[in-house]
Amino acid sequence: TITVLDELDGGKFRIRLAGINAPEKGQSGDKEATAFLTRRLLGENVSVRYKAIDIYRRPIGTVWHKGENISQLLLNKKLAVPYTRRNGTKK
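Here's a quick rundown of the structure. None of the values given here were measured: they were computed from a predicted structure.

**Here we look at the nonpolar core**
With 15 residues, the main nonpolar core has Ile2, Leu17, Phe36, Leu37, Val63, Ile70 and Leu74 as its most contacted residues. Of all elements in the fold, only strand E1 (2–5), strand E2 (12–17), helix H1 (30–41) and helix H2 (70–76) reach the threshold of two or more residues within this core. Top element by residues in this core is H1. It accounts for four residues. When neighbours within four sequence positions are excluded, Val63 is seen to be in contact with Ile2, Ile15, Leu17, Val46, Ser47, Val48, Glu68, Asn69 and Ile70.

Here you go:
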């Protein structure tokens, strides 16, 4: 999950990254995944294509930065695994 700032109204939105299951805080790999996202996205413009709302009322979306799908980058770097209901994430 990342937080984005909407340019139009200044609102902050938490976006769950679509298609992946990344480590939760305190789990193995959480610091590496967070550091990667921070280096890559902090202060940068991103585009979000919303997909759904999860059971916690968080938007789920594909986040794009400079033409790259952030979920796919996390998968490629082995900082996340593909989302399935079996790996513990509820949709």
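What follows picks up the thread again.
**So, the environment of Leu42**
In this fold, Leu42 is placed in the loop between H1 and strand E4 (47–53). Residues Leu42 and Thr3 lie 39 residues apart in sequence; the distance between their C-alpha atoms is 9.8 Å.

**Description of the layout of surface pockets**
If you roll a probe as big as a water molecule over the atoms, it shows you where there is empty space left. The space that makes up the largest pocket amounts to roughly 1300 Å³. What lines the largest pocket is a set of 39 residues, among which Thr1, Ile2, Thr3, Val4 and Leu37 lie closest to the centre. Counting only elements with at least two residues in the lining of the largest pocket, the list comes to E1, E2, strand E3 (20–21), H1 and E4. A per-element tally of the lining of the largest pocket places H1 first, with six residues. Of the residues assigned to the lining of the largest pocket, the class counts are 18 nonpolar, 11 polar and 10 charged.

**Considering the pairing of E1**
The alternating pattern of E1 places Ile2 and Val4 on a buried face, while none of Thr3 and Leu5, on the opposite face, is buried. Strand direction decides the pairing type here: E1 and E2, joined by four bridges, are antiparallel. Within E2, the position partnered with Ile2 by the bridge is Ile15. Where E1 hands over to E2, the hairpin turn is made up of six residues, of which Gly10 adopts a positive phi near 75°.

**What to know about H1**
With 12 residues, H1 ought to run about 16 Å at 1.5 Å a step, and its terminal C-alpha atoms sit 16 Å apart, in line with that. If you check which residues of H1 are buried, you get Asp30, Ala33, Phe36, Leu37 and Leu41. Projected down its long axis, H1 shows its buried positions confined to an angular sector of 135°, all on one face. The exposed residues of H1 that point more than 90 degrees off its buried face are Lys31 and Arg39. Following H1 by one or two positions, Gly43 adopts a phi angle in the positive range, close to 80°.

Cut-offs applied
- Residues numbered from 1 in each chain as written.
- Predicted model: local features only at pLDDT ≥ 70, side-chain atom pairs only at ≥ 80, totals over all residues.
- Heavy atoms only, no water.
- Core = buried A, V, L, I, M, F, W, Y, C linked by side-chain atoms within 4.5 Å.
- Buried < 20%, exposed > 50% of the residue type's maximum accessible area, 1.4 Å probe, protein only.
- Helix = DSSP H or I, 4+ residues; strand = E, 2+ residues; numbered from the N terminus.
- Contact = heavy atoms within 4.5 Å.
- 1 Å grid on protein atoms, 1.4 Å probe; cavity = no way out; pocket = protein on both sides within 12 Å on 5 of 7 lines; lining within 4 Å.
- Points joined across faces, edges and corners; volume = space filled by probe spheres on them.
- Nonpolar A, V, L, I, M, F, W, Y, C, P; charged D, E, K, R; others polar.
- Pairing = 2+ DSSP bridges.
- Expected span 1.5 Å × (residues − 1).
- Arc of directions from axis to C-beta.

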